[in-house]
Amino acid sequence: MADFSDKLVQILNYGSLNLGLGIGYALEIFDVMDEKGSALTLGELAGATGLNSRYLKEWLGIMVTGGIIEMTKKPDNDDTFFLPSSHGDLLCRRAGNNNLGVYTQEIPLLTACAMNAVKQGFKTGQGVPFSIYPDFQAFMSELAEAKHRKVLIQEFIPYVDQGRLEKRLQQGIRVCDIGCGQGVAVCLMAQAYPKSEFVGMDNHEKALEQARALSESFGLSNIAFINQDAAEIREASKFGQYFDYVCAFDAIHDQSHPLDALKGVKYMLR
Ligand SMILES: C[S@@+](CC[C@H](N)C(=O)[O-])C[C@H]1O[C@@H](n2cnc3c(N)ncnc32)[C@H](O)[C@@H]1O
């Protein structure tokens, strides 16, 4: 009983800590502390971040008791606060593919968007539409930045099929990225392999608009984006046996009909 009570208290505490971490990440407080690299007083932190010191004081309390930030208490001086660089390695934007800070926003975001609709769904059995997550694509784009920017071209592609995929991409093949979201991965590939031809597919028009804008900002001419439900590729697509390589990053598991999407992949491959 005591063990279970401890466990529940721990869950509640960590839940609150997650919210505090999400705020610190979104407002880039960790990044500022990390860049400074030394212990800061509350006033110095408020000055460096441009944030309200009363709010920062409460937030620092959560971070210190949660073991994220270290506090040094001096009898006659102001308290100082320090983010160890080993914590910055995982919490800050500079962490690239090791960035766990970005994920601290996931629970707050999903709760704010969907908690009521999901509770309602338990009673009605109705699904929860994608449109209920207005900030989801922006969050996904942040994740994509963290996941793909430093890894996709440098590490992932050269590893596939013992380097053979990279060679074929360099020579020129046709590639489809299913559930491309805001297009970070497929644009990076199109930029790295100009002789290949790329199609980004998603069923979320807003994400595709941003993907097209990203491709324009890269100045790419070997890429197209289409609005296509992956579950209906076989019925609707002109792409039967068209592609040499089909990829999907983090985009099969959360679809309504993943098996149909995978059958679509088979249908599109040469
Ligand atoms: C987790 S996000 C991943 C986005 C991107 N691939 C990345 O790595 O950042 C999943 C994507 O799948 C898309 N998606 C979900 N269901 C889909 C469907 N039935 N057909 C096409 N895309 C779908 C969503 O719109 C979203 O952009």
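Computed from a predicted model, the values in this text were never measured in an experiment. (Residues numbered from 1 in each chain as written. Predicted model: local features only at pLDDT ≥ 70, side-chain atom pairs only at ≥ 80, totals over all residues. Heavy atoms only, no water.)

On to a nonpolar patch on the surface, then. A cluster of nonpolar side chains, Phe4, Leu8 and Ile11, forms an exposed patch at the surface whose accessible area comes to about 290 Å². Relative to the helices and strands, Ile11 is located in helix α1 (residues 2-26). (Patch = residues over 30% accessible without salt bridge, like charges linked within 9 Å, V, L, I, M, F, W, Y side chains within 5 Å. Areas by Shrake-Rupley, 256 points an atom, 1.4 Å probe, with all protein chains shown as cover. Salt bridge = Lys/Arg side-chain N within 4 Å of Asp/Glu carboxyl O. Helix = DSSP H or I, 4+ residues; strand = E, 2+ residues; numbered from the N terminus.)

The strand order β1-β3-β2 describes an open sheet built from 3 strands, whose pairing is antiparallel. Lying at the two open borders of the sheet, with one neighbouring strand each, are β1 (40-41) and β2 (70-72). The pairing of β1 with strand β3 (residues 80-82) spans 2 bridges and is classified as antiparallel. Directly across from Leu40, in β3, lies its bridge partner Phe81. (Pairing = 2+ DSSP bridges.)

This next bit is on the sheet that holds strand β7 (residues 245-247). The 4 strands lie next to each other as β6-β5-β4-β7, forming an open sheet whose pairing is parallel. Of all the strands in the sheet, the pair left with one neighbour each is β6 (223-227) and β7. Within the sheet, the average angular offset between the axes of one strand and its neighbour, ignoring direction, is 20 degrees. Of the strand pairs in this sheet, strand β4 (residues 174-178) and β7 are connected by 3 bridges, and their pairing is parallel. Its bridge partner lying in β7, Val175 is registered against Tyr245. Against the sheet, helix α13 (residues 258-268) contacts β4, β5 (197-202) and β7, and its axis sits at roughly 175 degrees relative to β4. (Axes fitted to C-alpha atoms, helices over the stretch in contact; angles between N-to-C directions. Contact = heavy atoms within 4.5 Å.)

Next up on the list: the site of the ligand. The full set close to the ligand counts 20 residues, and Gly179, Asp202, Asp229, Ala230 and Phe249 are the nearest of them. Take Asp202: an N or O atom from its side chain is 2.6 Å from an oxygen atom of the ligand. For the ligand, whose free accessible area comes to 590 Å², the fraction covered by protein is 94%. The leading source of residues in the shell around the ligand is helix α7 (residues 136-148), at 5 residues. Partitioned by chemical class, the residues of the shell around the ligand number 7 nonpolar, 8 polar and 5 charged. (Near = heavy atom within 4 Å. Polar contact = N/O pair within 3.5 Å; in protein donor to acceptor, adjacent residues only side chain to side chain. Nonpolar A, V, L, I, M, F, W, Y, C, P; charged D, E, K, R; others polar.)

On to the pattern of salt bridges. Counting across every chain of the model gives 13 salt bridges. Between Arg94 and Asp34 there is a salt bridge; the shortest N-O distance is 2.5 Å. Taken together, the positions of Arg94 in the loop between α5 (85-91) and α6 (106-124) and Asp34 in helix α2 (residues 29-36) put the pair 60 residues apart, joining distant regions of the chain. With a closest N to O distance of 3.3 Å, Lys73 and Asp79 form a salt bridge.

A few words on the packing of helix α3 (residues 42-49) against helix α4 (residues 53-65). One way to put it is that α3 packs onto α4 with a least axis distance of 10 Å and a crossing angle of 115 degrees. Where α3 crosses over α4, the two elements pack in a sense that is right-handed. For the pair formed by α3 and α4, the contact residues are Leu42, Leu45, Ala46 and Thr49 on the first element and Ser53, Leu56, Lys57 and Leu60 on the second. Grouping the amino acids of the contact of α3 with α4 by side-chain chemistry returns 5 nonpolar, 2 polar and 1 charged. (Left-handed = near helix turned anticlockwise from the far one by under 90°.)

The values reported here are purely geometric and, on their own, carry no functional implication.
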